[in-house]
Amino acid sequence: MTPVVFVLNGPNLNLLGIREPEIYGYDTLDEIAGRLEDQARQLGLTVDVRQSNHEGHLIDWLHEANAVGAKAVLLNAAGYTHTSVAILDAIKSITVPVFEVHLSDPHLREAFRHKSFISMGAVACFAGHGAASYTLALDAAACL
């Protein structure tokens, strides 16, 4: 069975390509997902790419990733990065390694974005490389 990597995307990422492209780029989430699927095949993996604007869905999917024995999770929690203790608790409650992903670099943005609850549970963070943040994180996950 091919190992699976969950790619979980939080609020407003469904608007990639049209929402503040000067910050987040012009790639849509579907375009990023397509590149990740191609890359995963080359790495002997599959990806399960999901997006939700709801915190509870992200938590449920983290639990699901653990239950199915996923190889890793790439998590772009978006705005929940800076607010969600519940997502941090979910990360800490599973054994699947979680890689934090951001298109922009939160440390170069508003002060409220400098604190990441996700970083407190993630094994690594890939940020500030645009859509390549995802591909870099998938390469790292493949090395586990």
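Throughout, a residue's number is its position along its own chain's written sequence, starting from 1. Reporting of local features is limited, given that this is a predicted model, to residues whose pLDDT is at least 70; pairs of side-chain atoms are given and counted only at 80 or more, and all residues count toward the totals for whole chains, interfaces and linings. The basis for the side-chain values is all heavy atoms of the structure; hydrogens and waters are excluded.

Q: Where do I start with the layout of surface pockets in this structure?
A: It is a probe the size of a water molecule, rolled over the atoms, that shows where empty space is left. Residues are called lining when one of their atoms sits within 4 Å of a cavity or pocket point, these points coming from a 1 Å grid over the protein atoms alone, where a cavity is a set in which a 1.4 Å probe fits but cannot get out and a pocket is an open set with protein on both sides within 12 Å along at least five of seven lines. Grid points are joined across faces, edges and corners, and a volume is the space filled by probe spheres set on the points. One number sums up the size of the largest pocket: a volume of about 200 Å³. In terms of lining, the largest pocket is formed by 15 residues, of which the most central are Tyr-24, Ala-78, Gly-79, Arg-109 and Arg-113. Split into classes, the residues belonging to the lining of the largest pocket amount to 6 nonpolar, 6 polar and 3 charged. Under the scheme applied, nonpolar residues are Ala, Val, Leu, Ile, Met, Phe, Trp, Tyr, Cys and Pro; charged residues are Asp, Glu, Lys and Arg; polar residues are all the others, including Gly.

Q: How should I be thinking about the side chain of Ser-133 in this particular structure?
A: A run of H or I in DSSP becomes a helix once it reaches four residues, and a run of E becomes a strand once it reaches two; helices and strands are each numbered from the N terminus. Examined against the element boundaries, Ser-133 turns out to sit in helix H5 (residues 132-142). Burial classes: relative accessible area under 20% of the type maximum marks a residue as buried, over 50% as exposed, and values in between as partly exposed (1.4 Å probe, protein chains only). Taking relative accessible area as the criterion, Ser-133 reaches 0% and is therefore assigned buried. A polar side-chain atom of Ser-133 sits 3.1 Å from the main-chain amide nitrogen of His-129. Those residues in contact with Ser-133, other than ones at most four positions away along the chain, are Val-101, His-102, Leu-103, Phe-126, Ala-127 and Gly-128. Counted as a polar contact is a pair of N or O atoms within 3.5 Å, where, for protein atoms, one must be capable of donating a hydrogen and the other of accepting one, and residues adjacent in sequence contribute only when both atoms are in side chains. A contact between two residues is defined here by any heavy atoms of the two lying within 4.5 Å.

Q: What should I look at first to understand the packing of helix H2 (residues 29-43) against H5 in this one?
A: Their axes nearest at 10 Å, the elements H2 and H5 cross at an angle of 25 degrees. In terms of axis orientation, H2 runs roughly parallel to H5. Crossing hand, H2 versus H5: right-handed. Residues Leu-29, Ile-32, Leu-36, Gln-39, Ala-40 and Leu-43 of H2 form the contact with H5, whose own contacting residues are Tyr-134, Thr-135, Leu-138, Asp-139 and Ala-142. Taken together, the residues of the contact of H2 with H5 sort by class into 8 nonpolar, 2 polar and 1 charged. Every angle, taken between N-to-C directions, lies between 0 and 180 degrees, and every axis is a line fitted to C-alpha atoms, over only the stretch in contact when it is a helix. Angular relationships are summarised with four words: roughly parallel below 35 degrees, roughly antiparallel beyond 145, roughly perpendicular across 65 to 115, and oblique for the angles in between. Should the near helix be turned anticlockwise from the far one by less than a right angle, the crossing is left-handed, and should it be turned clockwise, the crossing is right-handed.

Q: Looking at this structure, I do not really get the pattern of salt bridges. What am I missing?
A: Proximity of charged atoms lets side chains of opposite charge pair with each other. Take a side-chain nitrogen of Lys or Arg and a carboxyl oxygen of Asp or Glu: if they are within 4 Å of each other, that pair is a salt bridge. Under the counting rule described, the total for this entry stands at 5 salt bridges. Between Glu-64 and Arg-50 there is a salt bridge whose closest N-O contact spans 2.9 Å. Taken together, the residues span a long stretch of sequence, with Glu-64 in helix H3 (residues 55-67) and Arg-50 in strand S2 (residues 46-51) at a distance of 14 residues. Each of Asp-48, Arg-50 and Glu-64 takes part in one network of salt bridges that share partners.

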